[in-house]
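Take a look at the letters that make up each chain.
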Amino acid sequence: MDGRRIAIGSDHAGFPLKEHLRAVLEERGCEVHDAGTTSEASCDYPDFAHAVAGRVAKGEADVGVLVCGTGVGMSITANKHQGVRAVVCSECFSAKMARAHNDANVLCMGQRVVGAGLATEILDAFLGAKFEGGRHERRVGKIEPA
Ligand code: RB5
């Protein structure tokens, strides 16, 4: 697809889906930085959300992808980073609109919510959509700083 720099991470509850999505991204031609985790051993989701969101915030990655049990903890944590707009998606329409209208730059998903097939479609919908700018630029500009 692409050549974009993608940072990806998960906790133990998202590890198998993260591994699947990393392979998908590599297949699509993305440059993938895997921030871990590296197994299903219990760990803390904020550690990986901070690692991925930090890369996006610093401009070291174009897009972040985070997986935990629900995607919720990952998104709450990632959104603490300046310039990061993280969204949890479990269907394709929101994933596409999050890019098109909200200029979202981190996609979070829950392995306990979506299967690998749907997660792949959500990822493709997110990566395939472009920020529309215009009136949305003004609105996104009002999001931060609070
Ligand atoms: C881990 O059990 C679970 O709490 C975590 O993966 C995530 O869903 C938190 O938001």
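(A) Spatial organisation of the site of the ligand. Inspection of the region around the ligand gives Asp11, His12, Ala13, Tyr45, Cys68, Gly69, Thr70, Gly73 and Arg112 as its neighbouring residues. With respect to the ligand, the backbone of glycine 73 contributes an N or O atom lying 2.9 Å from an oxygen atom. Arginine 112 places a side-chain nitrogen or oxygen 3.4 Å from an oxygen atom of the ligand. When the free accessible area of the ligand is taken as 290 Å², the share hidden by the protein chains comes to 72%.

(B) Quick look at a nonpolar patch on the surface. Together, Val72, Ile76 and Val88 make up an exposed nonpolar region whose accessible area comes to about 240 Å². On the secondary structure map, valine 88 appears in strand 4 (residues 86–88). Overall, the relative accessible area of 38% leaves valine 88 in the partly exposed class.

(C) Here's a closer look at the sheet that holds strand 4. Pairing in this open sheet of 5 strands is parallel, and the strands run 2-1-3-5-4 from one edge to the other. The open sheet has two edge strands with one neighbour each: strand 2 (31–34) and strand 4. Between one strand axis and the next, the sheet turns through 20° on average, direction left out of account. Sheet topology places strand 4 next to strand 5 (residues 106–110); 3 bridges connect them, and they run parallel. Its bridge partner being in strand 5, alanine 86 is matched across the sheet by valine 106. The strands that helix 2 (residues 45–57) touches are strand 1 (5–10), strand 2, strand 3 (63–68) and strand 5; relative to strand 3, the one it contacts most, it runs at about 170°.

(D) Main features of the pairing of strand 2. Summarising the sheet, strand 1 and strand 2 pair through 4 bridges and their orientation is parallel. Bridge pairing in strand 2 links isoleucine 8 to aspartate 34. Running through helix 1 (residues 15–27), the crossover from strand 1 to the neighbouring parallel element strand 2 is right-handed.

(E) Structural context of the nonpolar core. Counting 24 residues, the largest nonpolar core has Leu21, Leu25, Val65, Leu123 and Phe126 as the members making the most contacts within it. For this core, the leading source of residues is helix 5 (residues 116–128), giving 6 residues. Residue contacts for leucine 21: discarding those within four places in its chain leaves Ile8, Val65, Val67, Met109, Ala119, Thr120 and Leu123. Within the second largest apolar cluster, 16 residues are counted, among which are Cys43, Phe48, Ala53 and Ala86.

(F) Structural view of helix 5. Between its terminal C-alpha atoms helix 5 stretches 18 Å, which fits the 18 Å expected from 13 residues at 1.5 Å a residue. The inward-facing, buried residues of helix 5 abut strand 1, helix 1, strand 3, strand 4, helix 4 (92–100) and strand 5.

The rules behind these values
- Residues numbered from 1 in each chain as written.
- Predicted model: local features only at pLDDT ≥ 70, side-chain atom pairs only at ≥ 80, totals over all residues.
- Heavy atoms only, no water.
- Near = heavy atom within 4 Å.
- Polar contact = N/O pair within 3.5 Å; in protein donor to acceptor, adjacent residues only side chain to side chain.
- Areas by Shrake-Rupley, 256 points an atom, 1.4 Å probe, with all protein chains shown as cover.
- Patch = residues over 30% accessible without salt bridge, like charges linked within 9 Å, V, L, I, M, F, W, Y side chains within 5 Å.
- Salt bridge = Lys/Arg side-chain N within 4 Å of Asp/Glu carboxyl O.
- Helix = DSSP H or I, 4+ residues; strand = E, 2+ residues; numbered from the N terminus.
- Buried < 20%, exposed > 50% of the residue type's maximum accessible area, 1.4 Å probe, protein only.
- Pairing = 2+ DSSP bridges.
- Axes fitted to C-alpha atoms, helices over the stretch in contact; angles between N-to-C directions.
- Contact = heavy atoms within 4.5 Å.
- Right-handed = clockwise from strand over helix to strand, strands pointing away.
- Core = buried A, V, L, I, M, F, W, Y, C linked by side-chain atoms within 4.5 Å.
- Expected span 1.5 Å × (residues − 1).

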